[in-house]
There are 2 protein chains.
Amino acid sequence: MARRPETNNRLDDAARAGWLYYVAGRTQDEIASIMGISRQSAQRLVSLAMAERLIKVRLDHPIAGCLEAAARLKEKYELKHVDVVPSDPGSSSTTVGIAEAGAVEIERWLKSTDPVVLAIGTGRTLKATIDQLPSMECPQHRIVSLTGNIRLDGSAAYYNVIFSMADTINARHFPMPLPVLVSSPEEREVLHNQSLVKIALKLGAEANAAFVGVGELGPDAPLCEDGFLAREEMERLMAAGAAGEICGWMFDHDGELLTGSINERVASIPLPPRDRASVIGIAKGKRKYEALRAALKGRIINGLITDETTADFLLGA
Amino acid sequence: MARRPETNNRLDDAARAGWLYYVAGRTQDEIASIMGISRQSAQRLVSLAMAERLIKVRLDHPIAGCLEAAARLKEKYELKHVDVVPSDPGSSSTTVGIAEAGAVEIERWLKSTDPVVLAIGTGRTLKATIDQLPSMECPQHRIVSLTGNIRLDGSAAYYNVIFSMADTINARHFPMPLPVLVSSPEEREVLHNQSLVKIALKLGAEANAAFVGVGELGPDAPLCEDGFLAREEMERLMAAGAAGEICGWMFDHDGELLTGSINERVASIPLPPRDRASVIGIAKGKRKYEALRAALKGRIINGLITDETTADFLLGA
DNA sequence: TCAATAGATGAGTAATTGCCCATGAGCAAA
DNA sequence: TTTGCTCATGGGCAATTACTCATCTATTGA
């Protein structure tokens, strides 16, 4: 075409090739013959057009914002897995959307033909999430509950997450026949030495992925509502800088586990090692903003399923 | 999510896959494992995203040849706005390229925070153009159809341009509930006195910009194909020197509106005054060469979006 | 003039993508 | 329940694209 070997000529050609490729939908072979160059050169021009951002691509769909937020969260907090679902500004539900998305992610793990170990937390969000699971046959997998399902008075309580899940997917399941909190580190030591508990502990350490809710703290926190923690103890914790809890493990605003006595009385299974396993937090909503931010900051979780509004907060924070 | 086999769920997935492919640059294999589907399904979703126009691609680089042609056209025909896109020599499409460019220009107007009135013609090219518009919220703007969307038998017909556009950009819209051609000047007089029509007429006169296709004449012209004009009438027109039409207004090879009876039966809204408003023609291709040249010569349009080949013809002419 | 250097080129090859087809699930009508 | 239909699925394979590498070319500075 133009025989002017100017520097921007190459960019012009790149633009032309990029246009033919992305807008007109020609193959690089066709572009090569149209522009009188080799196929390889056409390929280079097309990729140059991309590299130089001459070609702008955008997604015209409501979930575009979610995907972008997810990508930015992933980078900012170095996460293994992020899912951001659209927010429903009118709804006050703390589970709509993320429960479905969480179920999709759990299902993805369950579809594996290789045996996997999934660790499951508890709470309203997790309950709603596993309610979204389809019936499956997963005899090759094992699921283990990270937290106890026993009240202080000995009755089974809390959300019956692990059993519901086992029913639905028909997998071997390992509950934790302990309370969330016990009275002393020594008691925990004793309880954790029970053989059944030791199996669960071992499984927890081996888990390929864990799905956990994120608990906010405060006088209205679920932990108090459900009678696991006295309100005055909660107040002491908050005065000590507690920002949230995951499976009972309390952490401060930097996501560091609190060193006071409380965490030494948590009987839950430790979260699987973050360098090897995915520990995915499922949570959304204003009340959980601070807890989520702290958990992400301290790398307590390395995966996140949340909604767009919460994602915006976490990105701004 | 996965539990509800809704129709738009598939589009959501397509959007997600398309985003991962075109924006995030993942391979379809990666998308497949991210979304927990097979590679083939990922591929289908990606191409669905394209087919459903969820993915908008645009070229953001002034190609020297096109730029130069645009500048010369602007000078030669004293135009307010000219856009020349690269030609695809092999393609027989009459819309590829100019539709995207037209959408960019329309979007530019729509981005204004001050309220604007846009007048819109009809036809295949316009339809393709507004299909390229992204979703927007433009409650401050108004769009008015320059031509009727009613067939002689009373059914709504032709390309449903104004309504599609209103859907996409969410602006107040004013259709023209009339045929393109009516039986007599008197009937037009009566119809134009209907209050709804008068509102549209007033808006048309106030429009800040109009986007119109350029119709060629001949036995295969769209006007005949779509049943608005009998073939024998078309032949009479051509014998009388007609060279093209815009929104139904017939003009000769010098771009002068024909004075015979035909234009007195056109029920379309008159084009906005060229001294104040932009009237931008969107057209390309050999079949439109003559009509375009005439329209430019007679200053029926004062803006042009076309391709390089057509631009070359118009410059040589 | 010549060596050094940067960048472009085409061949060859690996990776990725597009498409056809057989299959089976889901569903409505018979 | 059976039949017929639609549509999503994944395997397989051909087409297309991306990348590597050795070579070539133009430019620059000594």
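How each quantity is defined
- Residues numbered from 1 in each chain as written.
- Chains lettered and ligands numbered in written order.
- Predicted model: local features only at pLDDT ≥ 70, side-chain atom pairs only at ≥ 80, totals over all residues.
- Near = placed C-beta within 6 Å.
- Helix = DSSP H or I, 4+ residues; strand = E, 2+ residues; numbered from the N terminus.
- Nonpolar A, V, L, I, M, F, W, Y, C, P; charged D, E, K, R; others polar.
- Axes fitted to C-alpha atoms, helices over the stretch in contact; angles between N-to-C directions.
- Parallel < 35°, antiparallel > 145°, perpendicular 65-115°, else oblique.
- Contact = placed C-beta atoms within 7 Å.
- Domains from an automatic or database assignment.
- Pairing = 2+ DSSP bridges.
- Buried ≥ 20, exposed ≤ 12 C-beta atoms within 10 Å, placed from the backbone.

S.K.: What is the right way to look at the protein's contact with DNA strand C in this model?
M.R.: Within the structure, DNA strand C sits among R10(A), I37(A), S38(A), Q40(A), S41(A), T27(B), Q28(B), D29(B), Q40(B), Q43(B), V46(B) and S47(B). Of all the elements in the fold, those that place two or more residues in the surface near DNA strand C are α3 (39-51) of chain A together with α2 (28-35) and α3 (39-51) of chain B. Counting residues per element, the surface near DNA strand C draws most heavily on α3(B), which supplies 4 residues. Residue classes in the surface near DNA strand C are distributed as 2 nonpolar, 8 polar and 2 charged.

S.K.: Any chance you could explain the packing of helix α6 (residues 124-131) of chain A against helix α7 (residues 161-169) of chain A here in plain terms?
M.R.: Helix-helix packing is characterised by the crossing angle of the two axes and by the distance between the axes. Residues and elements named next belong to chain A. Following both chains from N to C, one finds α6 and α7 inclined at 5°, their axes separated by 10 Å at the closest point. If you check the angle between α6 and α7, you find them roughly parallel. For the pair α6 and α7, contact is made by L126, K127 and I130 and by V161, S164, M165 and T168, respectively. When its residues are assigned to classes, the contact of α6 with α7 shows 4 nonpolar, 2 polar and 1 charged.

S.K.: How should I be thinking about the domain arrangement of chain A in this particular structure?
M.R.: Note on interface size: it is often stated as the accessible area lost on association of the parts. Each domain of chain A was delimited in the assignment, giving domain 1 (7-51) and domain 2 (64-316). For domain 1 of chain A versus domain 2 of chain A, the separation of C-alpha centres amounts to 50 Å.

S.K.: Quick question: what am I supposed to make of the sheet that holds strand β9 (residues 249-252) of chain A here?
M.R.: Working definition: the strands of a sheet are paired by backbone hydrogen bonds and lie parallel or antiparallel to each other. Spatially, the 3 strands line up as an open sheet ordered β7-β8-β9 (chain A), and their pairing is antiparallel. Each edge of the sheet is formed by a strand with only one pairing partner; in this case those strands are β7 (215-216) and β9 of chain A.

S.K.: Explain the environment of L45(A) to me, please; I cannot follow it from the model alone.
M.R.: Residues and elements named next belong to chain A. Tracing the backbone shows L45 in helix α3. For L45, a count of 26 C-beta atoms within 10 Å puts it in the buried group. On a C-alpha basis, the gap between L45 and D13 in space is 6.8 Å, while along the polypeptide they are 32 residues apart. With residues up to four places along the chain from it excluded, the contact list for L45 reads D13, A14 and A17.

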